[in-house]
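Here's the letter readout for the chains.
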Amino acid sequence: MIITIKKSAPKQEVEKLIADLEKHGVQVTHVVGETHDVLGLVGDTAKLDEKRIMANVAVRNVTRIAAPYKLANRLFHPEDSVIDVAGIKVGGQEKIVVIGGPCSVEGAEQIVSIAQAVKEAGAVMLRGGAYKPRTSPYAFQGLQTEGILDLVEARRKTGLPIVSELMSSDKIEEFDKYVDLIQIGARNMQNFELLKSLGKTQKPILLKRGLANTIEEWIMSAEYIMAAGNPNVILCERGIRTFEKYTRNTLDLSVIPIIKERTHLPIIIDPSHATGDYRYVEAMSLAAIAAGADGLIIEVHNNPECAWSDGGQSLKPDKFARLVEKCRSIAHVVGREL
Ligand code: PEP
Ligand code: MN
């Protein structure tokens with residue numbers, strides 16, 4: 001349930017109303033907006049009497065939300081959420097963020113040199129996997145803690161905030177300590193115990209869409225994280241499974257306007273995993289910016305032929321730099337900065 005509060009409402013009246021609602025066992029989130037405030041109610045709102053709430057002088061309107069997601073719902077929070085990743089703002093109407101880096105961290109020297117190259121090209125964050133969700137148990141599983149410490153070293157040298165994938169809740173403390181943006185990969189999008197445990201940190205979460213999940217299931221996963229107490233969620237479309245074989249996945253760009261309409265969360269696009277082929281990454285990046293994405297996360301490697309994972313979809317730094325330049329032009333066309 002959403003209660004719209006008049007801007008002119010006396011503060012004590014609003015506080016009294018919140019206290020009264022909480023007495024009925026519902027959880028109330030107070031969002032202060034420019035034109036009006038919103039009270040978002042979660043819990044068993046069925047027993048609340050709309051007419052009684054409407055009678056309160058502070059109240060302008062009462063709306064019942066049909067969608068199963070509440071905290072992520074645009075109705076709960078009419079303005080865009082802007083998520084702060086170590087000082088870099090993601091979301092809102094202005095800036096577009098580009099994140100670049102290798103699929104896997106392969107050592108300090110590799111990650112530091114790629115970090116310098118992507119920074120030079122215009123990236124504002126560095127990605128790098130240290131715990132890798134590989135299809136084969138015999139494939140490289142990531143440098144793990146050593147990889148995280150290599151990322152920390154790259155951040156120290158370049159100042160770029162670091163993004164890395166968390167696969168199990170027993171590593172939350174490590175990620176909370178070292179990582180700026182915690183990625184939850186496509187394969188773990190519906191690992192509900194992992195999602196719930198993310199309430200233990202206030203670090204922002206990059207939630208990738210599952211390989212075969214609907215938009216609603218994806219938003220519900222964001223809702224899990226938010227309901228656990230961490231409101232800092234950024235969504236990431238990375239392609240879904242279809243019958244198509246010429247690409248690794250099928251990039252669903254229609255999610256951008258849909259996510260923006262239904263939620264207040266930022267959305268970024270991963271054209272690398274979506275296409276699986278470095279030749280298509282630039283075209284999909286330009287299309288994503290044109291469609292209103294808040295950012296891109298792109299795999300970049302200084303020697304893709306020898307990359308330990310996902311070399312075929314990784315761009316060399318010079319191609320990445322050209323891509324950022326072209327994206328900048330599109331960003332200006334749609335009234336944004338990059
Ligand atoms: C990755 O970012 O390297 C990765 C494994 O992504 P996804 O979960 O989208 O497959
Ligand atoms: Mn990868």
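The shown structure was predicted, so the numbers you read here are calculated from the model rather than taken from an experiment. (Residues numbered from 1 in each chain as written. Chains lettered and ligands numbered in written order. Predicted model: local features only at pLDDT ≥ 70, side-chain atom pairs only at ≥ 80, totals over all residues. Heavy atoms only, no water.)

(A) Here's a closer look at the coordination of the manganese ion (ligand 2). Within the protein, the manganese ion (ligand 2) binds to C103 (SG), H273 (NE2), E299 (OE) and D310 (OD); these donor distances fall in the range 2.0 to 2.4 Å. Going along the chain, you hit the donors of the manganese ion (ligand 2) in the pattern C-x169-H-x25-E-x10-D. Pair noted here: H273 is in helix α9 (residues 271–275) and D310 is in the loop between β14 (295–299) and α11 (317–333), with a separation of 37 residues, a long-range link. (Donors = N, O, S within 2.8 Å, 3.2 Å for Na, K, Ca; no water. Helix = DSSP H or I, 4+ residues; strand = E, 2+ residues; numbered from the N terminus.)

(B) View of the site of ligand 1. Surrounding ligand 1, one finds 13 residues, the nearest of these being R127, A186, R187, K208 and R238. Here an oxygen atom of ligand 1 and a side-chain polar atom of H273 are 3.1 Å apart. A total of 290 Å² of accessible area belongs to ligand 1 in isolation, and the protein chains cover 97% of it. (Near = heavy atom within 4 Å. Polar contact = N/O pair within 3.5 Å; in protein donor to acceptor, adjacent residues only side chain to side chain. Areas by Shrake-Rupley, 256 points an atom, 1.4 Å probe, with all protein chains shown as cover.)

(C) Looking closely at helix α1 (residues 11–23). Helix length check: α1, at 13 residues, gives a terminal C-alpha distance of 19 Å against a target of 18 Å (1.5 Å per residue), a fit within 8%. Within the sequence span of α1, burial applies to V14, L17, I18 and L21. Angularly, the buried residues of α1 cover 100 degrees about the axis, an arc narrow enough to put them on a single face. Away from the buried face of α1 by more than 90 degrees, exposed residues Q12, K16 and K23 are located. (Expected span 1.5 Å × (residues − 1). Buried < 20%, exposed > 50% of the residue type's maximum accessible area, 1.4 Å probe, protein only. Arc of directions from axis to C-beta.)

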